[in-house]
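# Fold and geometry: a report
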Amino acid sequence: MKAIRRFTVRTVLPEVLAPLEELATNLRWSWHQPTRKLFEDISPDLWESSGRDPIGLLGEIEPERLRELAVDREFVARAHALHEDLRDYLTEPRWYQKNCSSDAPRSIGYFSPEFGIAAALPQYSGGLGILAGDHLKSASDLGVPIIGVGLFYRSGYFAQSISPDGWQEESYPVLDPDGLPLSVLRHPDGQAAHVSLELPDGRWLQARIWQVAVGRIRLLLLDTDIPENDDSLRSVTDRLYGGGGEHRLLQELLLGIGGVRAIKLLVELTDAEAPEVFHTNEGHAGFLGLERISDLIGEGLSFTEALQVIRAGTVFTTHTPVPAGIDRFDASLVRQYFSTDLLPCVQAEDVLALGAEDYEGGTPNTFNMAVMGLRLGQRSNGVSRLHGDVSRHMFGALWPGFDADDVPITSVTNGVHAPTWVDESLIELASTKLGTTNSSSADWASAAVSNADLWNVRNGMRNQLVMDARARVAEAWSKQNPGIGHPAWFSQLLDPDVLTIGFARRVPTYKRLTLMLHDPERLRSILLSEDHPVQIVVAGKSHPADEEGKRLIQKLVEFSQEPDVRKRIVFLPNYDIAMAQLLYPGTDVWLNNPLRPLEACGTSGMKAALNGSLNLSILDGWWAEFYDQENGWAIPSADSAGDSAERDKLEADSMYDLIEHQIAPRFYDRGPDGVPTRWVESIRHTLSTMSYDLSADRMVREYVERLYVPAAAAERVISADDYAPARALAAWKAKVIAAWPLVAVTHVESGGVDAVPQVGDELHVRAHVTLDGLSTDDVSVEVVYGRARENDRLESPESVTLSPLRSVGDLVEFAGTVTLARAGSFGYNVRVVPKHPLLASPAELGLVAVAS
């Protein structure tokens, strides 16, 4: 008989074991090895069967075992010592408190549609969520005062299984919050705190607020599955990235508007500081800016004045390099929701203008969440150096007249949280030989760690992956074939001594899961080579609605089931954090072959590199800026190929060539001691040169120093004196925008250079500019110069500001000097851009006048 309902009953701990409660409910255990070891020692079998989840373990442990532990002095002492260590971790000053000045924000709100923190809290689908989870963990380790905000999805993303014919099948196990590391935010009387959103037709959407302790960070997750909602609204937070357009819109309204309201309740009910800076991790949470505008209108500001305030304190991060990856809604649907009292005093037309694609190449009557994010955030960034450049081109139409280099989108390359992703055996090696458990700062070039030491650890990681892969394949067989023993060859699946290549990620078509199958016979010969055999471990999920992605999975599964290769290539179902933590370390080579430049960053290869794996990748995402010819191999991009089929063939052939002629021979080139010295040199180089740069600690520090601190300073300045600077800036922008159609560079002349210009000569430039009533303080007149290339385009341009000399009416003469500092082709032009101390970029208003 099946239960009609299930829930989790938490155990009652003996008083002497009370510290286990906080140790289990603060997710710091997920990256703190001594705490994990404590729970494992309670019951190794239950630890594994619970999915290495402390709450699941404590829910299954027998009372008799708890009584045994309560009188075990050594265990009790360990539990209390670890609890004390946690309390110190939560309260002691860390990097942020020790190194950041009073200008640093007192609190930052970090909004994301998904958070991948631990397998025990499955609220993620892929890289975006894992990145958000790593951001919170490193912020905790560094002491950065972030409040995270997301949604609680009762069915998470989905659980993947593979049918006998290789087709992806999805199931949606319902999560029981009582069995998760969550607590409800409550009023002093014990009543659960709710946020409410007014919807069309007089309906209200309400959500309870779950709290998650992620080290020092508090994460708020909004949940609509409560009795106060009708059935249709209870399902708003049912699944991550589920449902159609209106369902997604409701999720994003709740995340943005409801998320800000949840923070306000948190500040009211606890000692939490109100955020000075809000970070929107992708466009899904963009509506948060509108809730903040509504609050400021309630304080007496106009919409435009309030917009200046929230822009100053908002950071927007874009993660997609393709327009198809952006959430876009029909403008009429958005108008319907904002024609209510959802946001008092905010007019629907003002909202629609923020997301309108009212630029060249845009689609009329469309509301674009990324466009709104860029318009609401004064500071924005891509997630790798190349992705920043791609984003400047992709969104350049928002700043017409400016070159892509001037588009105000910078980049902060993603990083990964080393304590989460570095295997315990490598951390143990660092501790034993180098005296540190911080793998990111360890001196891996030190002779204290021998080549044999590194190789032995890498062999152990590979063996660990092989054992896990066999167990997962056997488990999947048992679920599909209950009562039938699995085939004998499962015990020979993969070989712990064979060169292992890993490939795991989401499965949209641009990531090209099946590029390795472009020439099946050549791949077969690589896998089955007698001298240099290779094995490949693959994992990944396709979005449930992506039929083409599912076909790619099926194609790979079908190949992997062919009798001659089935021990050398395997697809592991249900890719998640738990699998990844063994997969990344266990691979010798991490493969990534997207269509360049469609990979925004690609952090899976970073996680592999932090474990000493070498990368084999297209020069896209993070690899384009970190590849140095020693830390792996670059697959040449066939950008000039005639069509996609030719491109795939050329790039697949290059990949095969690298594996056959460089990678495999180097791996199997062993010395008398059995160690592949040249290979281990690359491992050592990778660990020595990349461990810190690829870490989320580096990433979060960069966000703090380059974006959060400037945003906080700007927000404080613009909010001073009852928002007087915001009112003045709004009025100034209106004046400049009205005058700009008649601003022009009417004449440019130059002199001071001989007939044959030489390095060191000075070019004197004069420009006559019509300002149409603007003052010289309102504009910056610049000579922009650089190497002149094809079609007179300036390469790597620099600029010098010209000074006003004299004026006649609206016509002003500006002058300045440019020193010719380098030989070669030289070109210049003169432009006029708005100038104001509260602008973060000359391009911010999208206004420019250029000499012609």
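The following paragraphs examine the structure supplied in this document. Only a predicted model underlies this, so the values are computations on that prediction, with no experimental measurement involved.

Attention now goes to the overall build of the chain. The secondary structure content of the chain amounts to 27 helices and 30 strands. Over its C-alpha trace the chain gives a radius of gyration of 29 Å, about what one expects of a compact globule, namely 29 Å for 852 residues. Counting every position in the chain, which comprises 852 residues, the buried fraction comes to 56%. Residue pairs in contact within the chain that sit at least 24 positions apart in sequence constitute 72% of those at least 6 positions apart. If you sum the accessible surface of the chain, you get close to 34400 Å²; carbon and sulfur atoms cover 49% of it. Positive and negative side-chain charges of the chain, numbering 78 and 118 respectively, have mean locations separated by a distance of 2 Å.

Counting residues in each nonpolar core, the largest one holds 99 residues, and the members touching the most others are Phe287, Ile293 and Phe338. Residue contributions to this core peak at eleven residues, all from helix 10 (residues 245–269). Excluding residues that lie within four positions of it along the chain, Phe287 makes contacts with Leu249, Glu252, Leu253, Gly256, Ile257, Phe338, Phe367, Met369 and Met372.

With antiparallel pairing, four strands are arranged side by side in an open sheet as 23-24-28-27. Each of the sheet's edge strands pairs with one partner strand only, and the pair in question is strand 23 (744–751) and strand 27 (803–808). Averaged over all pairs of adjacent strands, the angle between strand axes in this sheet comes to 20°, irrespective of strand direction. Both strand 27 and strand 28 (residues 811–819) contribute to a ladder of five bridges, which runs antiparallel. Note on strand 28: the bridge partner recorded for Ser807 is Val812.

This part is about the packing of aromatic side chains. How two aromatic rings sit relative to each other is given by the distance of their centres and the angle of their planes. Overall, the coordinates contain 22 aromatic pairs when judged by the stated rule. Note on Phe287 and Phe338: the rings are 5.5 Å apart at their centroids and 40° apart in plane angle, and the pair reads as tilted. A residue pair is termed long-range when its members are at least 10 positions apart, and Phe287 in the loop between strand 11 (277–281) and helix 11 (288–298) and Phe338 in helix 13 (residues 331–338) qualify at 51 residues. Aromatic ring contacts, followed pair by pair, group Trp455, Trp633, Phe667, Tyr668 and Trp679 into a single cluster. One Lys or Arg, Arg505, reaches over the ring of Phe503 and ends 4.5 Å from the middle of that ring. Note that Lys541 overlies the ring of Phe158, its terminal NZ or CZ placed 4.9 Å from the centroid.

Before going further, it helps to spend a moment on the packing of helix 12 (residues 303–312) against helix 15 (residues 369–376). In the contact formed by helix 12 and helix 15, the axes pass within 8 Å of each other and the chain directions differ by 90°. Classified by the angle between their axes, helix 12 and helix 15 sit roughly perpendicular to one another. For the pair helix 12 and helix 15, contact is made by Leu307, Ile310 and Arg311 and by Leu374, Arg375 and Leu376, respectively. Here the contact of helix 12 with helix 15 is composed, by residue class, of four nonpolar, no polar and two charged.

Assignment of secondary structure puts Leu219 in strand 10 (residues 217–223). For Leu219, a relative accessible area of 1% gives the class buried. Taking the C-alpha atoms as reference points, Leu219 and Val346, separated by 127 residues in sequence, lie 28 Å from one another. Setting aside its immediate chain neighbours within four residues, Leu219 contacts Phe115, Ile117, Leu136, Gly148, Val149, Gly150, Trp210, Gln211, Val212 and Val214.

It is worth spelling out helix 18 (residues 424–434) at this point. By the burial criterion, the buried members of helix 18 are Leu426, Ile427, Leu429 and Ala430. The buried residues of helix 18 all sit within an arc of 155° when viewed along its axis, so they share a single face. At its buried positions, helix 18 is contacted by helix 19 (451–480) and helix 26 (677–690).

All right, on to the pattern of salt bridges then. Oppositely charged side chains are able to pair whenever their charged atoms sit close together. According to the stated counting rule, one finds 58 salt bridges in the structure shown. The salt bridge involving Asp564 is made with Arg524; its shortest N-O contact spans 2.8 Å. Of this pair, Asp564 sits in the loop between helix 21 (547–560) and strand 19 (569–572) while Arg524 sits in helix 20 (residues 520–527), and the two are 40 residues apart along the sequence. According to the relative accessible area criterion, Arg524 is buried, its value standing at 14%.

As for its placement among the helices and strands, Ala734 is situated in helix 27 (residues 696–739). Spatially, the C-alpha atom of Ala734 lies 21 Å from that of Arg831, the residues being 97 residues apart in sequence.

Ordered by their spatial adjacency, six strands build an open sheet running 19-18-17-20-21-22, and the pairing between neighbours is parallel. Each having just a single partner strand, strand 19 and strand 22 (632–635) make up the two edges of the open sheet. Going from strand to strand, the sheet's axes swing by 20° on average, the running direction of each strand aside. In this structure, strand 20 (residues 589–592) lies alongside strand 21 (residues 614–618), joined through four bridges in parallel fashion. What sits directly across from Asn592, in strand 21, is Ser617.

A word on the pairing of strand 18 (residues 534–539). Among the six residues of strand 18, six are classified as buried, and the element is accordingly described as predominantly covered. Across the two faces of strand 18 the burial is the same, with Val534, Ile536 and Val538 and Gln535, Val537 and Ala539 all buried. Relative to strand 18, strand 17 (residues 499–504) runs parallel, the two being bridged by six bridges. Bridge pairing links Gly502 to Val537 in strand 18. Of the crossover connections in this fold, the one passing from strand 17 over helix 20 to the parallel strand 18 is right-handed. The pairing of strand 18 with strand 19 spans four bridges and is classified as parallel. Among the inter-strand pairings, Val538 is bridged to a residue of strand 19, identified as Phe571. One crossover worth recording links strand 18 to the parallel strand 19 by way of helix 21, and it is right-handed.

Below, the discussion takes up the packing of helix 11 against helix 12. Direction vectors running N to C along helix 11 and helix 12 enclose 125°, while the axes themselves pass 9 Å from each other. By the angle between their directions, the pair helix 11 and helix 12 is classed as oblique. Of the two possible hands of crossing, helix 11 and helix 12 adopt the one that is right-handed. Of helix 12, the residues touching helix 11 (which contributes Gly289, Arg292, Ile293, Leu296 and Ile297) are Phe303, Ala306, Leu307, Val309 and Ile310. Here the contact of helix 11 with helix 12 is composed, by residue class, of eight nonpolar, one polar and one charged.

This paragraph deals with the side chain of Thr514. Residue placement: Thr514 occurs in the loop between strand 17 and helix 20. With a relative accessible area of 13%, Thr514 lands in the buried category. In this structure, Thr514 is in contact with Leu552, Lys555 and Leu556, ignoring residues within four places of it in sequence.

A few words on the side chain of Glu276. With respect to the helices, strands and loops of the structure, Glu276 is situated in the loop between helix 10 and strand 11. A distance of 2.7 Å separates the side chain of Glu276 from the side chain of Arg716, its partner in a polar contact. Here Glu276 is in contact with Ala104, Pro105, Arg106, Ser107, Gly313, Glu715 and Arg716, once residues within four sequence places are set aside.

In this structure, Pro597 follows Arg596 across a cis peptide bond, with omega equal to 5°. Looking at the element boundaries, Pro597 is found in the loop between strand 20 and helix 23 (603–609).

Another aspect to go through is helix 26. Along its 14 residues, helix 26 runs 20 Å from first to last C-alpha, staying within 8% of the 20 Å computed at 1.5 Å per residue. When we look at burial in helix 26, the residues that qualify are Trp679, Val680, Ser682, Ile683, Arg684, Thr686, Leu687 and Met690.

What counts as what
Residues numbered from 1 in each chain as written. Predicted model: local features only at pLDDT ≥ 70, side-chain atom pairs only at ≥ 80, totals over all residues. Heavy atoms only, no water. Helix = DSSP H or I, 4+ residues; strand = E, 2+ residues; numbered from the N terminus. Rg over C-alpha atoms; globule rule 2.2 N^0.38 Å. Buried < 20%, exposed > 50% of the residue type's maximum accessible area, 1.4 Å probe, protein only. Contact = heavy atoms within 4.5 Å. Areas by Shrake-Rupley, 256 points an atom, 1.4 Å probe, with all protein chains shown as cover. Lys, Arg positive; Asp, Glu negative; His and termini not counted. Charge placed at Lys NZ, Arg CZ, Asp CG, Glu CD. Core = buried A, V, L, I, M, F, W, Y, C linked by side-chain atoms within 4.5 Å. Pairing = 2+ DSSP bridges. Axes fitted to C-alpha atoms, helices over the stretch in contact; angles between N-to-C directions. Phe/Tyr/Trp six-rings, centres within 6.5 Å; stacked < 30°, edge-to-face > 60°. Lys NZ or Arg CZ within 6 Å of the ring centre and 35° of its normal. Parallel < 35°, antiparallel > 145°, perpendicular 65-115°, else oblique. Nonpolar A, V, L, I, M, F, W, Y, C, P; charged D, E, K, R; others polar. Arc of directions from axis to C-beta. Salt bridge = Lys/Arg side-chain N within 4 Å of Asp/Glu carboxyl O. Right-handed = clockwise from strand over helix to strand, strands pointing away. Left-handed = near helix turned anticlockwise from the far one by under 90°. Polar contact = N/O pair within 3.5 Å; in protein donor to acceptor, adjacent residues only side chain to side chain. Expected span 1.5 Å × (residues − 1).

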